[in-house]
Amino acid sequence: MAHPISNPTISYDRVKLNVGGKLFETTISTLQSAGPDSLLAALSNRTFHHDSNPIFIDRDPQIFSVLLSLLRSNRLPSGSLHCFSIQELAEEALYYGVESRLRCASSPSPLRGIDASIVDTIRPASDAVPSTFSAGQDGSLWIAHGGQISVYDSYLSYSAAVRTHLDDITTICRVWPEIAAVGSESSSGLHFYDLSGGRYTGSVHWTDQSDPRIYKARVSAIANSPDSVFASFDCPHRENGILVIDKSTLQVSSELTRQSGTAAKNTVAGKLRWLPETSLVIGSAVTCGAFGYSGYIRMWDPRSREVVWETNEPGSGRSSRFGDSFADVEVDVDDMSLLKICSKSGDLGMADIRSLGEDPWAYMKDTNPSMRENRHGGNSYVLHCYKGQVFVGKDGGMEVWSKEKGWNERVSRTSEEIWESENQSKQVYLRRNYVDKEEDAGRGMIKRIEGGGERLFVSREDMEGIEVWESSNHCGPVSVSP
């Protein structure tokens, strides 16, 4: 009987490819690991023999070598990102149908605030100071600067710049993967742009023919749900409200609330968040004047348009932290918790959204002795919840509050039981650590923090560009002297 290798009628497991004039030899199983819809898997369906002619592919052989190594080992060869940009690899990976494999191999380590560090600063093409930005779930980034939006993909490679009709953009929200809703403090209306095609798609204005005070309403905050967009509007005469906009028609479906006046409890909502678990909307406003901070947190049911819970600070005096009003408010949608940072003490308060009452706050008890003396003045605070962590910007510095080791054993009870028992003592145990180094804190006052993918994005006052923070297996926590 003839040996299989010498018999041209017997199929062969190895495949020869001629990519751009360079010969490669691999196995059918390696090509099939690219995925059933990939070009390489389609090529592997052919019948091969030991004397079959190599399949010719008119592409770059050096980049193909990197992608073939990725299929073999599930990781990028060391030094490959020094030879090729991620955009070059991504374009070839898209051609071969292995983009998801490349994305997985090149994605950052899981984000842990305790060992995160600045890996890059993304600067818009015009070198302008960003006015705001939006991070995507895949780690992509949209940066607004002036009236323009610069788009960066999940590899943080520059994709496009979209010029809007606005002079400046101060609020931006992703309402679909490629559609941005934007607002401006200098121009009225909520506007929608398709960033993939650079097209204007529509606008929504708050008007009321029966009330002449409702005109030139500017957008202060935007929130998104699968069916609706929520936007808070502010008029020149201090009339303000929140509109519910149908995403299928981009028309106003209802007016969630309307209020007037200059008092802190009547100012326009500067933050909005939709809660998927309850379909409620949370809005908050914070003002700072000669007598300190004041503001409100309010929760509406869009179906009834009723306020289901609210709190104002300074309050009635019955709060355990009366006189220490919040400087910022954040919502942890995954954990269904409401967080605030106190303006005087810098303490972090948490409340369970499922059991809110007159004074629902539990205050974080710091278990890291070296953090008891804050190295920053705390004149400006920014809160952001992401991946079970609470990031706190204090002036130019950044801290992270994370669950202590053994927390999982403590939370084996139901959430209701945890909060009922913890609220009795007003203490919740998390660990606080610095995210940044001293030199990072000197880069400028933190204005915005937002997570996307396994990245954290940070903007600072008067700084060109957006900082990109990632965790690394090779970096450790910042040492802090007691």
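Our subject is the structure listed above.
Chemist: Even after reading the chapter, I still don't get the overall build of the protein, so can you show me in this structure?
Modeler: Along its length, the protein carries nine helices and 31 strands. When the 482 residues of the protein are sorted by exposure, 50% land in the buried category. Long-range pairs, those at least 24 residues apart, make up 53% of the contacts in the protein between residues at least 6 apart in sequence. If you sum the accessible surface of the protein, you get close to 22900 Å²; carbon and sulfur atoms cover 47% of it.

Chemist: In this structure, what is going on with the nonpolar core? I would like to understand it.
Modeler: Where a protein is soluble and globular, its nonpolar side chains tend to be buried together. Grouped together as the largest cluster of nonpolar side chains are 28 residues, with contacts concentrated most on Leu17, Leu40, Phe64, Tyr96, Val98 and Leu102. Taken together, the elements giving at least two residues each to this core come down to β1 (14–19), α1 (28–32), α2 (39–44), β3 (55–57), α3 (61–73) and α5 (86–96). When residues of this core are assigned to their parent elements, the largest contribution, seven residues, is made by α3. Other than its neighbours up to four places away in sequence, Tyr96 contacts Val19, Ser38, Leu39, Leu40, Ile57, Arg59, Phe64 and Leu67. Core analysis: the next-biggest nonpolar cluster, separate from the first, contains 19 residues, Val175, Ala181, Ile222 and Leu250 among them.

Chemist: What should I look at first to understand the side chain of Ser150 in this one?
Modeler: Turning to its location among the elements, Ser150 is positioned in strand β7 (residues 148–152). In terms of polar contacts, Ser150 uses its side chain to reach the side chain of His145, at 2.7 Å. Not counting residues up to four positions away in its chain, the partners in contact with Ser150 are Pro124, Ala125, Leu141, Trp142, Ile143, His145, Tyr158, Ala160 and Ala161.

Chemist: Is there a simple way to explain the sheet that holds strand β31 (residues 466–471) in this structure?
Modeler: Pairing in this open sheet of four strands is antiparallel, and the strands run β4-β31-β30-β29 from one edge to the other. Where the open sheet ends on each side, the last strands, each with one partner, are β4 (116–122) and β29 (446–452). Going across the sheet, the axis of each strand differs from the next one's by a mean of 25°, ignoring polarity. Two strands pair when backbone bridges link them, and β29 and strand β30 (residues 455–460) are joined in this way by six bridges, in the antiparallel orientation. The residue bridging Ile446 from the neighbouring strand is Arg460, located in β30.

Procedures and definitions
- Residues numbered from 1 in each chain as written.
- Predicted model: local features only at pLDDT ≥ 70, side-chain atom pairs only at ≥ 80, totals over all residues.
- Heavy atoms only, no water.
- Helix = DSSP H or I, 4+ residues; strand = E, 2+ residues; numbered from the N terminus.
- Buried < 20%, exposed > 50% of the residue type's maximum accessible area, 1.4 Å probe, protein only.
- Contact = heavy atoms within 4.5 Å.
- Areas by Shrake-Rupley, 256 points an atom, 1.4 Å probe, with all protein chains shown as cover.
- Core = buried A, V, L, I, M, F, W, Y, C linked by side-chain atoms within 4.5 Å.
- Polar contact = N/O pair within 3.5 Å; in protein donor to acceptor, adjacent residues only side chain to side chain.
- Pairing = 2+ DSSP bridges.
- Axes fitted to C-alpha atoms, helices over the stretch in contact; angles between N-to-C directions.

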